[in-house]
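Observations on the model geometry
The residues making up each chain are set out below.
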Amino acid sequence: MSHISVLLHETVDALVADRNTGIFIDGTFGRGGHTRLLLSKLDENARVYAFDKDPQALAVAAELEQEDPRFKIIHASFADLKAEMNQRGIEEVDGIMADLGVSSPQLDQAERGFSFMKDGPLDMRMDNSQGLTAAEWLVEVDEEHLANIIFQYGEERYSRRIAKAIKAAGYIETTAQLAEIVKVAHPKWEKNKHAATRTFQAIRIEINKELDDVHAFLPQALDLLKSGGRLAVISFHSLEDRIIKQFIQKESTLPEDTSWGMPQKVQDNRRLKKIDRVRASEAEVKQNPRSRSAWLRVAERLEK
């Protein structure tokens, strides 16, 4: 399955608003769908920088660099957003977007080891040039920590049973082996969902430090945005969406007056304004079932 960019027009339209030039960032290039549409809406003086860790995504981005001089790719996580942009002499930008989902090629290529639907080496690294594979990590991690990861990141109620079975199995070489271990250990499957879904999600999040990266990315994005600049982020599960929601809520809410007695004037230190929260349409979900859990949240930088 080729990669279909989720909430494509909604994200780019919200990011650009009424601008046709400026400096923009795509924090997760993937296969470039959002970036290409963004470039098509901008004039010749605009600049778009994109981040990605995946070697295959970087290869696609390198081709786009050759096609369009307005575009530059950065081999890094968006967790390093501010340092990478400052290194290039950029202190402010007009818009930042990120699609936090795993791309279809990553899921569909068995050798990447992300999916229980296709048997392949148990890898799961988005940047497979460095760090531990999932197979190596499962050997090193202790049972209690593994259970906690599966519970927290997979929201899996049977995490302890599953962790026990995984550790008892010894070295697990392939995705099919792990999926079968989880399936046998899992006492109650959810309807229309593979028993290993939550466990695979949890291990992938841990291997790639996905939630840590989101926590690091959001405040840096806010610091980089110009007044009136837009932030648009797509998430695919409740853990990421909750982080984004709480961040925007915190930065867009006026502090309460906590003084006793006479009310005091509260300093307005809000830095964001909530703009929108969008789900994929029925038509998009029908065309691309992977969009069914996607949420887009959009906010705008207030005056600095």
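Criteria and cut-off values
- Residues numbered from 1 in each chain as written.
- Predicted model: local features only at pLDDT ≥ 70, side-chain atom pairs only at ≥ 80, totals over all residues.
- Heavy atoms only, no water.
- Helix = DSSP H or I, 4+ residues; strand = E, 2+ residues; numbered from the N terminus.
- Rg over C-alpha atoms; globule rule 2.2 N^0.38 Å.
- Contact = heavy atoms within 4.5 Å.
- Areas by Shrake-Rupley, 256 points an atom, 1.4 Å probe, with all protein chains shown as cover.
- Lys, Arg positive; Asp, Glu negative; His and termini not counted.
- Charge placed at Lys NZ, Arg CZ, Asp CG, Glu CD.
- Salt bridge = Lys/Arg side-chain N within 4 Å of Asp/Glu carboxyl O.
- Buried < 20%, exposed > 50% of the residue type's maximum accessible area, 1.4 Å probe, protein only.
- Axes fitted to C-alpha atoms, helices over the stretch in contact; angles between N-to-C directions.
- Parallel < 35°, antiparallel > 145°, perpendicular 65-115°, else oblique.
- Left-handed = near helix turned anticlockwise from the far one by under 90°.
- Nonpolar A, V, L, I, M, F, W, Y, C, P; charged D, E, K, R; others polar.
- Domains from an automatic or database assignment.
- Buried area = accessible area lost by both parts, 1.4 Å probe.
- Polar contact = N/O pair within 3.5 Å; in protein donor to acceptor, adjacent residues only side chain to side chain.

Points about the overall build of the protein chain
If you tally the helices and strands in the protein chain, you get 13 helices and seven strands. At 21 Å, the protein chain has a C-alpha radius of gyration in line with the 19 Å of a compact globule built from 304 residues. For the protein chain, the share of sequence-separated contacts (at least 6 apart) that also reach a separation of at least 24 residues comes to 67%. A total of about 15,100 Å² of accessible surface is found on the protein chain, and carbon and sulfur atoms cover 48% of it. Treating the 43 positive side-chain charges of the protein chain as one cloud and the 49 negative ones as another, the clouds have centres 5 Å apart.

Overview of the pattern of salt bridges
This model, assessed by the stated rule, comprises 20 salt bridges. Note that R70 and D68 form a salt bridge whose closest N and O atoms lie 2.8 Å from each other. Residues R70 and D68 agree in their burial class; the two are buried. Across the pair D241 and R297 runs a salt bridge whose closest N-O atoms are separated by 2.7 Å. In this pair, D241 is assigned in helix 12 (residues 238-252) and R297 in strand 7 (residues 295-301), connecting sequence segments 56 residues apart. Both residues of the pair, D241 and R297, belong to the buried class. Through salt bridges with shared partners, a single network forms among K82, D223, K250, E251 and R271.

Some points on the packing of helix 11 (residues 210-224) against helix 12
Interhelical geometry of helix 11 versus helix 12 gives an angle of 25 degrees and a closest axis separation of 10 Å. In terms of their interaxial angle, helix 11 and helix 12 are classed as roughly parallel. The two elements helix 11 and helix 12 cross, and the hand of that crossing is right-handed. Here E210, L211, V214, H215, L218, P219 and L222 of helix 11 come into contact with helix 12, specifically with L239, E240, I243, I244, F247 and E251. Considering only residue class, the contact of helix 11 with helix 12 consists of nine nonpolar, one polar and three charged.

A closer look at the domain arrangement of the protein chain
For the protein chain, the assigned domains read domain 1 (8-99 + 210-301) and domain 2 (110-208). A straight line from the C-alpha centre of domain 1 to that of domain 2 covers 29 Å. Taken together, the 12 residues of domain 1 in the interface contact 11 residues of domain 2. When the buried surface of domain 1 facing domain 2 is broken down by residue, K53, E210 and L239 rank first, second and third, together holding 50% of it. Along the contact surface separating domain 1 from domain 2 lie two salt bridges. Between R242 and E155 there is a salt bridge whose closest N-O contact spans 3.7 Å. Our count for the contact surface shared by domain 1 and domain 2 stands at five residue pairs in polar contact (both at pLDDT 80 or more). Considered class by class, the residues forming the side of domain 1 that touches domain 2 number three nonpolar, four polar and five charged.

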